[in-house]
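Structure at a glance
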Amino acid sequence: VQRLESSLFDVAHAHPGKKVAMILHGATIRCFLKRASGGARITTPKNVSVTTLVVGPGRSWRVVQVADVSDLEPAPPPASPDVTMLPSDGGPADGTAAKGATVQARL
């Protein structure tokens, strides 16, 4: 946490008065929250949630918001049982199609 905290101060120093987004792993955020709470047990924030820290004055920081998901859209409904998920290269799940093959779907 100390190394990341030092990076946090460096970024704040390089961008005074600005809002800066740092994308961090949930476990890292949990460590920051644990330090801010004096060592209390902390649950890892949900994926893609927003935790806001204010840095300063000097080499200090404080937590303003934890695990906010208010800007997220609701998850889409699960895929129909008639839909087969394909690998990211567009080939069939068994990998037998040639690269560049056309993939069609009935909707």
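Note that this is a predicted model, so its numbers are computed, not measured.

As judged from the five bridges shared by strand β1 (residues 50-55) and strand β2 (residues 61-68), these two strands associate in the antiparallel manner. Bridge pairing in β2 links V55 to W61. From the end of β1 to the start of β2, which pair antiparallel, there are five residues, and G56 there has a positive phi angle of about 105 degrees.

Right, let's get into the confidence of the model for the protein chain. On average, residues of the protein chain score 79 in pLDDT, and 71% of them are at 70 or above. Across the protein chain, element-level confidence peaks in β1 with a mean pLDDT of 93 and bottoms out in helix α2 (residues 26-36) with 90.

Attention now goes to a nonpolar patch on the surface. Judged by side-chain polarity, V48, V69 and L72 come together as a nonpolar surface patch covering roughly 250 Å² of accessible area. You can see L72 is positioned in the segment after β2.

Attention now goes to the packing of helix α1 (residues 2-14) against α2. Look at α1 against α2: their axes get within 11 Å of each other, and the N-to-C directions meet at 90 degrees. Between α1 and α2, the angle falls in the class roughly perpendicular. For the pair formed by α1 and α2, the contact residues are Q2, L4, E5 and L8 on the first element and T28, F32 and R35 on the second.

Quick look at α2 now. Within α2 the residues assigned to the buried category are G26, I29, F32 and L33. Looking down the long axis of α2, one finds its buried residues gathered within 115 degrees of arc, a one-sided arrangement. Buried residues along α2 sit against α1, β1 and β2. Looking at the residues trailing α2, positive phi occurs at G38, about 80 degrees.

So, how was this worked out
Numbering of residues begins from 1 in every chain and follows the order in which that chain's sequence is written. Given that this is a predicted model, residues contribute local features only at a pLDDT of at least 70 and side-chain atom pairs are listed and counted only at 80 or more, while totals for whole chains, interfaces and linings are drawn from all residues. To obtain the side-chain values, all non-hydrogen atoms of the structure were used and water was disregarded. Any two strands are treated as partners once DSSP identifies two or more bridges connecting them. Secondary structure counts use DSSP, requiring at least four H or I residues in a row for a helix and at least two E residues in a row for a strand, with both numbered from the N terminus. The quantity called pLDDT is the predictor's confidence in a given residue, expressed from 0 to 100. To count toward a patch, a residue needs a relative accessible area above 30% and no salt bridge. Like charges then connect within 9 Å, nonpolar side chains (Val, Leu, Ile, Met, Phe, Trp, Tyr) within 5 Å. Here, Shrake-Rupley sampling with a 1.4 Å probe gives the accessible areas, and only protein chains in the shown set may cover a residue. Throughout this description, the term salt bridge denotes a Lys or Arg side-chain nitrogen within 4 Å of a carboxyl oxygen of Asp or Glu. Axis definition: a line fit to C-alpha positions, over the contact stretch in the case of helices; interaxial angles, taken between N-to-C directions, run 0 to 180 degrees. When describing relative orientation, an angle under 35 degrees is termed roughly parallel and one over 145 degrees roughly antiparallel, while 65 to 115 degrees is termed roughly perpendicular and anything else oblique. Between two residues, a contact is recorded if the distance between any of their heavy atoms is within 4.5 Å. Only protein chains enter the accessibility calculation, which uses a 1.4 Å probe; a residue whose area is less than 20% of its type maximum is buried, one above 50% is exposed, and one in between is partly exposed. Our arc is simply the arc of the directions from the helix axis toward the C-beta atoms.

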